[in-house]
Amino acid sequence: MFEKLKEYGTEELHFCNDEESGLKAIIAIHSTVLGPTVGGTRFWPYESEEKALFDVLRLSRGMTYKNAVSGLKYGGSKGVIIGDPAKLKSEKLLLAYGRFVDHLAGMFTTGEDVNISVQDVEIMSRATKHMAGIGGAGRGGDPSPYTARGVFRGLQAGANEKFGSDSFSGKTVAVQGLGKVGYDVCKWLHDDGAKLIVSDINPANAERAKNELGATVVDPSEILFVDCDVFSPNAMGAVVKVDEVTKLKCAMIGGGANNVLVDAAAGEALDKAGILYIPDYVINAGGVISICLEIERVHDEQVANRKMDGIYDNVKNLLDFANKEKLPTYLAADKYAQKIVDDARPFRK
Ligand code: NAD
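Quick caveat: nothing in here was measured; it's all calculated off a predicted structure.

Draft legend 1. Just the overall build of the chain, in detail. Scanning the chain for helices and strands turns up 14 helices and 12 strands. Taking 2.2 N^0.38 as the reference for a compact globule, 349 residues should give roughly 20 Å; the C-alpha atoms of the chain span a radius of gyration of 20 Å, in line with that estimate. Taking the contacts inside the chain whose residues are at least 6 apart along the sequence as the reference set, 65% of them involve residues at least 24 apart. Accessible surface for the chain amounts to roughly 15500 Å². Of this, 51% is attributable to carbon and sulfur atoms. For the chain, the centre of its 41 positive side-chain charges and the centre of its 48 negative side-chain charges are spaced 3 Å apart.

What follows is the structure, given as structure tokens:
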């Protein structure tokens, strides 16, 4: 077990067991170097406890990196609840999880993630104040509009690097996924003069983009391969596979989705193909930035919007670092984030 913690650089693991509700969960506090930690909680029917452990170790390290590159004074963590949410999720279980979060006394603030809704977080918050992503005074509520604004700013920084201008006027952008984040990303791009090609497995969402934004709709199986300047993934992860990179016709990739690259080989292949990849956790950090404002109960729309606009500089700084180090961007992001954490280590309280 300690070998695993060493491999990921993880500080603490908490195993939560509540017989009455059937709750089995793992909370990983990856790093407190930058401050108390933040990370969502997902509910997933893992095939084994090892798989749950692997996921929570990997995702919590991802949160440390995301928070670091976003200039947040928060460390990274993640919670996973093991089991089938359709069978196991109950008020009792959510409250039990809230109590475990409360035991960590503010070192772990959490909120929604896969299979955990805002309503679930509201139930958990009856057992602890260390929950975020819900409404109320000084709180930010749904972070999606902020995430979308940040994605657009990050795309502008990428466009500046790749095309020599922040403007999307006359550029064609292919957007995969038109949910809470993707649709707003489309609106930002449309207002800036981009031509949109869109796709969603829910035809109503695609139809709306066609009617309201004049987007061209394509089948979900085609969107990755259409002729465009930018491909923006805003649906699920694992979108770019190494053996499909030669079929891509875009010059740049960036969007709200997490874990866009299937593996490191896909990142290498994009780099070799000259396609600029804006690392997911740098460009989609708007949600967690909004959540950190909420933790401090200082959430205010103007302040939050200013912070989202700062994602432009976060992406620019990362791209400059990647150029300087002559590294593919996906690799540069981890190195850049790790450096921020390592530089802060001697000054931790
Ligand atoms: P959402 O569920 O509102 O939207 C996802 C959309 O993608 C849905 O409309 C769905 O029909 C569509 N979709 C699913 N599979 C598809 C496919 N194969 N092809 C085309 N469309 C497909 O979710 P969201 O909140 O908009 O989040 C989108 C992505 O951004 C997720 O990967 C999420 O993890 C990530 N993310 C979201 C936030 C946030 O603030 N909401 C923050 C950071 C990252």
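Draft legend 2. Quick look at the sheet that holds strand β7 (residues 172-176). Read from one edge of the open sheet, six strands run β9-β8-β7-β10-β11-β12, paired in parallel fashion. Where the open sheet ends on each side, the last strands, each with one partner, are β9 (216-217) and β12 (276-277).

Draft legend 3. Representation of helix α14 (residues 329-344) in the model. Its 16 residues give α14 an end-to-end C-alpha distance of 22 Å, which sits within 8% of 22 Å, the value for a rise of 1.5 Å per residue. Those residues of α14 lying buried are Thr-329, Tyr-330, Ala-332, Ala-333, Tyr-336, Ala-337, Val-341 and Ala-344. Structurally, α14 contributes buried residues whose contacts are with β2 (23-31), α2 (49-69), α9 (264-272), β12, α10 (280-283) and α13 (311-325).

Draft legend 4. Structural view of the site of the ligand. Taken together, the neighbourhood of the ligand is formed by 19 residues, with Thr-147, Lys-180, Val-181, Asp-200 and Ala-235 sitting nearest. Asn-258 has a polar side-chain atom sitting 3.2 Å from an oxygen atom of the ligand. Taken by itself the ligand offers 830 Å² of open surface, and the protein chains cover 75% of this. Elements represented by at least two residues in the shell around the ligand include exactly α6 (144-163) and α7 (180-191). Here the residues of the shell around the ligand sort into six nonpolar, 11 polar and two charged.

Draft legend 5. The packing of α13 against α14, seen in detail. Across the interface, α13 lies against α14 with an axial gap of 9 Å and an inter-helix angle of 105 degrees. Looking at the two axes, α13 sits roughly perpendicular to α14. Residues Asn-317, Leu-318, Leu-319, Phe-321, Ala-322 and Glu-325 of α13 form the contact with α14, whose participating residues are Thr-329, Ala-332, Ala-333, Lys-335 and Tyr-336. Looking at the contact of α13 with α14 residue by residue, the classes come out as seven nonpolar, two polar and two charged.

What counts, and at which threshold
Residues numbered from 1 in each chain as written. Predicted model: local features only at pLDDT ≥ 70, side-chain atom pairs only at ≥ 80, totals over all residues. Heavy atoms only, no water. Helix = DSSP H or I, 4+ residues; strand = E, 2+ residues; numbered from the N terminus. Rg over C-alpha atoms; globule rule 2.2 N^0.38 Å. Contact = heavy atoms within 4.5 Å. Areas by Shrake-Rupley, 256 points an atom, 1.4 Å probe, with all protein chains shown as cover. Lys, Arg positive; Asp, Glu negative; His and termini not counted. Charge placed at Lys NZ, Arg CZ, Asp CG, Glu CD. Pairing = 2+ DSSP bridges. Expected span 1.5 Å × (residues − 1). Buried < 20%, exposed > 50% of the residue type's maximum accessible area, 1.4 Å probe, protein only. Near = heavy atom within 4 Å. Polar contact = N/O pair within 3.5 Å; in protein donor to acceptor, adjacent residues only side chain to side chain. Nonpolar A, V, L, I, M, F, W, Y, C, P; charged D, E, K, R; others polar. Axes fitted to C-alpha atoms, helices over the stretch in contact; angles between N-to-C directions. Parallel < 35°, antiparallel > 145°, perpendicular 65-115°, else oblique.

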